[in-house]
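An overview of the molecular structure
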Amino acid sequence: MALWKENTPAPKPVNTPMSDIKEPARFDSAPTPEVSPSRDTFSSSSSNAAPAKAQPKESLIASDLTIEGKIEGSGSVRIAGKFKGDVNVQGDLTIEAGAKLSGSVVANQVTIAGELEGNIEGASRVDLQTSGVITGDVKAGSMTVAAGSRMRGNAVFGWKDDAGAKSAKNGSSESSSLS
């Protein structure tokens, strides 16, 4: 065993032509990972995939809130508290049990488990549930009334817009002429 370091010659560099040298891989842009759309995430970066359809949004008026104003928009609304004002949405309206809405309603589908003081105009469907109360007129494509629910007002459903208006006018003029 030697206590000194042996002097060995350093390896000589090997001269190779430039064509033999491999260039490291280049990336002009970072690869995009494939993401499957979930309820809250939509991937629009893929050019081959069809555009993801946005989930309809629902706004909530909580049970401990009392609001006065006007609601307009394209989403759906769920009322669990008290709201005084008109509701005009392209989505659905749900009035929870114990909730109260005072105002007119225009929506696709209306579900009432609470109380509505006002008219419903042009809904495609109205569901009046067991605990539901309507004080006002209803004009809808179809209407479901559960046993135990209450309503004070007029209801017109199952008619097209023009036919229902003509029948209601004819019916009211006939009943007034018969009296």
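Scroll up a little and you will see the structure.
**Observations concerning the nonpolar core**
Nonpolar side chains tend toward joint burial in soluble globular proteins. Counting 24 residues, the largest nonpolar core has Leu 93, Leu 101, Val 110 and Ile 120 as its most contacted members. If you list the elements that add at least two residues to this core, you get strand S3 (76–79), strand S4 (82–89), strand S5 (93–95), strand S8 (109–112), strand S10 (120–128) and strand S12 (138–145). Take this core: its biggest share by element is four residues, from S10. Discounting chain neighbours no more than four positions away, the residues touching Leu 93 are Val 77, Ile 79, Val 87, Leu 101, Val 105, Ala 107, Gln 109, Val 110 and Thr 111.

**What about the side chain of Thr 111?**
Within the secondary structure, Thr 111 sits in strand S8. For Thr 111, a relative accessible area of 14% translates into the label buried. Among residues more than four places away in sequence, those in contact with Thr 111 are Leu 93, Thr 94, Ile 95, Asp 127 and Gln 129.

**Regarding the pattern of salt bridges**
Scanning all chains against the criterion turns up five salt bridges. In this structure, Glu 58 engages Arg 78 in a salt bridge whose closest nitrogen and oxygen atoms are separated by 3.3 Å. Here the residue Glu 58 occupies a position in strand S1 (residues 58–61), and Arg 78 occupies one in strand S3, the gap between them amounting to 20 residues. We note a salt bridge from Glu 117 to Lys 100, for which the minimum N-O separation is 3.2 Å. One end of the pair, Glu 117, is in strand S9 (residues 115–117); the other, Lys 100, is in strand S6 (residues 100–102), with 17 residues separating them in the sequence. Overall, Lys 100 belongs to the partly exposed group, its relative accessible area being 27%.

**Overview of the environment of Lys 160**
Within the fold, Lys 160 resides in the loop between strand S14 (155–157) and helix H1 (161–178). Separated by 38 residues in sequence, Lys 160 and Gly 122 have C-alpha atoms that sit 9.8 Å apart.

Rules used in this analysis
- Residues numbered from 1 in each chain as written.
- Predicted model: local features only at pLDDT ≥ 70, side-chain atom pairs only at ≥ 80, totals over all residues.
- Heavy atoms only, no water.
- Core = buried A, V, L, I, M, F, W, Y, C linked by side-chain atoms within 4.5 Å.
- Buried < 20%, exposed > 50% of the residue type's maximum accessible area, 1.4 Å probe, protein only.
- Helix = DSSP H or I, 4+ residues; strand = E, 2+ residues; numbered from the N terminus.
- Contact = heavy atoms within 4.5 Å.
- Salt bridge = Lys/Arg side-chain N within 4 Å of Asp/Glu carboxyl O.

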